[in-house]
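Coordinate inspection notes
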Amino acid sequence: MKYIKFIFCFVPLLLAVVACNQEDDICTEGGSPKMKVKFKRAADGKLARMDSLTVRILWGTDTLMVANNSKAVDSVMIPLKVTGDGFTDILVQTNPKSKTDISKIKVKYTESSEYVSPGCGIRKLYDNLTVSPIEGLNPVKSVDINSNQIHNEVKTVLYFNF
Amino acid sequence: MKLRLFYTLIFSLFISLSFAQEKKKISSDTLAAKKWKYKPNVMIGVDVLHLGLMAFTDQKLFQAFATSRIQPRLHLVADVGYEKNKYDKNGYDVSAKGLFVKAGTLYMLSPDPENKQNGFYAGGKVAAAFYQQEMRSIPTRGYQGHDSYASFPTSSQSAYWLEGAIGGRVELFHSNFYIDAQVQPKYMIYTTKQENITPMVIPGFGTDANKFKLGFMWSVAYLF
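Residues numbered from 1 in each chain as written. Chains lettered and ligands numbered in written order. Predicted model: local features only at pLDDT ≥ 70, side-chain atom pairs only at ≥ 80, totals over all residues.

Topic: the overall build of chain A
Within chain A, the secondary structure is distributed over one helix and nine strands. Counted from the first residue to the last, chain A has its helices and strands arranged as α-β-β-β-β-β-β-β-β-β. Burial analysis of chain A (162 residues in total) assigns 26% to the buried set. Long-range contacts, defined here as pairs at least 24 residues apart, represent 49% of the contacts in chain A between residues at least 6 apart. (Helix = DSSP H or I, 4+ residues; strand = E, 2+ residues; numbered from the N terminus. Buried ≥ 20, exposed ≤ 12 C-beta atoms within 10 Å, placed from the backbone. Contact = placed C-beta atoms within 7 Å.)

Printed below as a string of structure tokens:
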């Protein structure tokens with residue numbers, strides 16, 4: 001009879017262990033790193049805090065909002081495409097209502113893939129980063145490259161000069 | 001997964017309750033051990049539950065076992081099987097098919113005094129799977145759900161794990177046929193990987209990336 005008690009105790013314990021296992025759809029290790037961008041005043045080259053900033057990226061036929069009229073920001077984390085295209089177009093404006101004062105910045109890079117975990121899947125790492133000439137020099141006058149690779153989200157990659 | 005857990009619980013309760021009403025004669029195992037002489041005996045069983053479920057699920061699992069009683073309470077056991085299964089979830093589309101083998105021992109915890117093949121048992125096995133894996137889609141998470149997917153060619157992989165066995169066996173109508181129900185907690189020890197990617201389907205072990213799994217068998221067996 002003691003074995004019956006043993007089985008009655010042991011089987012629910014096993015079920016509990018299995019039920020508590022991690023799910024495969026939760027990504028805790030982090031996916032592809034975003035690009036960290038800070039801002040400078042073009043006049044004196046000093047770091048700046050933007051009163052208002054709107055940033056979007058073009059992803060195929062979609063335009064995805066990254067920062068929607070954010071106030072008093074000193075940096076922004078911009079996601080890059082993971083599609084293997086080798087570039088991401090970024091739209092920047094300081095006046096969210098303006099239809100004309102929009103700077104389009106094309107960032108080019110080479111992508112490499114790295115498997116992370118079942119939950120995160122594969123992530124992209126970006127190297128040999130370059131910036132094409134800006135379309136629309138208002139509000140962003142120029143771009144400085146601080147690092148030409150993105151393997152984490154710690155280092156500032158670009159400075160937008162306003 | 002919930003369906004499997006439910007079945008496991010039901011079969012465990014069923015077997016437990018089936019034996020709960022039996023009156024046991026107290027026998028001296030020590031005496032029995034002294035008199036014990038091995039006579040060739042083999043029981044072969046086929047997992048009929050998974051055989052029946054094949055028509056209704058993506059999992060195509062055939063597994064069979066052979067046991068031989070080598071000591072009064074100790075049985076050698078070997079399992080062999082073939083499984084074809086797929087994992088199609090969270091951006092993954094992976095399938096695998098291949099053979100698996102297991103070997104180990106079972107210890108009769110409460111053998112029936114009248115038929116030593118009847119009773120509850122517990123034991124352990126070592127297991128290995130050798131299979132073909134096809135990764136049609138592995139996700140790269142993109143911004144706001146704009147994921148992209150990578151595919152890889154078919155490759156040969158292997159996996160090795162330890163497995164517990166907790167179950168019961170009962171004779172059917174005083175014949176040589178038996179019903180054997182077994183719960184199998186499993187722990188993955190080692191698995192080969194393609195492009196360092198954790199395999200999501202391993203024949204004989206299960207689907208998804210968890211190292212702990214709980215399997216089960218419900219078999220009809222014949223004692224030769």
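A short note on the overall build of chain B
In terms of helices and strands, chain B carries three helices and 10 strands. Written out in order from the N terminus, the α and β elements of chain B read α-α-β-α-β-β-β-β-β-β-β-β-β. With 224 residues in all, chain B has 37% of them scored as buried. For chain B, restricting intrachain contacts to residue pairs at least 6 apart in sequence, the fraction spanning at least 24 positions comes to 65%.

Observations regarding the sheet that holds strand 8 (residues 142-145) of chain A
Residue and element names in this part refer to chain A. Taking strand neighbours across the sheet as the criterion, the four strands line up as 4-1-9-8 in an open arrangement whose pairing is mixed. Every interior strand has two partners, whereas the edge strands, strand 4 (75-78) and strand 8, have only one. The sheet shows a mean angle of 30° between the axes of neighbouring strands, taken without regard to direction. Bridge count between strand 1 (residues 35-40) and strand 4: four bridges; the pairing is antiparallel. Across the sheet, the residue bridging to Val 37 is Val 76, located in strand 4. (Pairing = 2+ DSSP bridges. Axes fitted to C-alpha atoms, helices over the stretch in contact; angles between N-to-C directions.)

Some points on the nonpolar core
For soluble globular proteins, nonpolar side chains are generally found buried alongside one another. Ranked by internal contacts, the top residues of the largest apolar core, which has 25 residues, are Met35(A), Val37(A), Val55(A), Ile78(A), Ile90(A) and Phe160(A). Where this core is concerned, the elements lending two or more residues are strand 1, strand 2 (50-59), strand 4, strand 5 (87-93), strand 6 (103-117) and strand 9 (156-161) of chain A. A total of five residues in this core trace back to one element, the largest contributor, which is strand 2 of chain A. Excluding residues within four positions of it along the chain, Met35(A) makes contact with Ile78(A), Leu80(A), Ile150(A), Val157(A) and Leu158(A). Judged by nonpolar contacts, the second largest core, of 19 residues, contains Met135(B), Trp161(B), Met200(B) and Val201(B). (Core = buried A, V, L, I, M, F, W, Y, C linked by C-beta atoms within 7 Å.)

Observations regarding the environment of Val201(B)
Residues and elements named next belong to chain B. On the secondary structure map, Val 201 appears in strand 8 (residues 201-202). Along the primary structure Val 201 and Phe 130 are separated by 71 residues, whereas in three dimensions their C-alpha atoms are 12 Å apart. Residues in contact with Val 201, not counting those within four places in the same chain, are Asn 85, Lys 86, Tyr 87, Val 94, Ser 95, Ala 96 and Thr 207.

Quick notes on the environment of Val73(A)
Residue and element names in this part refer to chain A. In this fold, Val 73 is placed in strand 3 (residues 62-73). Judged by the 16 C-beta atoms lying within 10 Å of it, Val 73 is partly exposed. Along the primary structure Val 73 and Arg 49 are separated by 24 residues, whereas in three dimensions their C-alpha atoms are 5.4 Å apart.

Brief notes about unusual backbone geometry
All names here are of chain B. For Asn 90, which is not glycine, the phi torsion reads 55° and is therefore positive. Phi at Asp 208 takes a positive value of approximately 75°, unusual for a residue other than glycine. Turning to its location among the elements, Asp 208 is positioned in the loop between strand 9 (206-207) and strand 10 (212-223).

A word on the pairing of strand 5 of chain A
Where strand 2 of chain A and strand 5 of chain A come together, five bridges link them in antiparallel fashion. Paired with Arg56(A) across the strands is Leu91(A), a residue of strand 5 of chain A.

Quick word on the pairing of strand 2 (residues 60-69) of chain B
All names here are of chain B. A one-sided burial pattern is seen for strand 2, the buried positions being Leu 61, Gln 63, Phe 65, Thr 67 and Arg 69 and the unburied ones Lys 60, Phe 62, Ala 64, Ala 66 and Ser 68. Here four bridges tie strand 1 (residues 43-47) to strand 2, and the two strands are oriented antiparallel to one another. If you follow Gly 45 over to strand 2, its bridge partner there is Phe 65. Bridge count between strand 2 and strand 3 (residues 74-89): 10 bridges; the pairing is antiparallel. Residue pairing across strands places Thr 67 opposite Val 77, the latter belonging to strand 3. Between strand 2 and strand 3, which pair antiparallel in sequence order, lie four residues.

Some points on the confidence of the model for chain B
The predicted coordinates ought not to be read in detail in places where the model reports low pLDDT. Residues and elements named next belong to chain B. Here chain B shows a mean pLDDT of 86. Residues at 70 or above account for 85%. Predicted confidence is poor over residues 17-26, with pLDDT under 50, and the contacts of this stretch with residues over four places away or in other chains come to six contacts. The ipTM value of the predicted complex is 0.80, and its pTM value is 0.79. (pLDDT = per-residue confidence, 0-100.)

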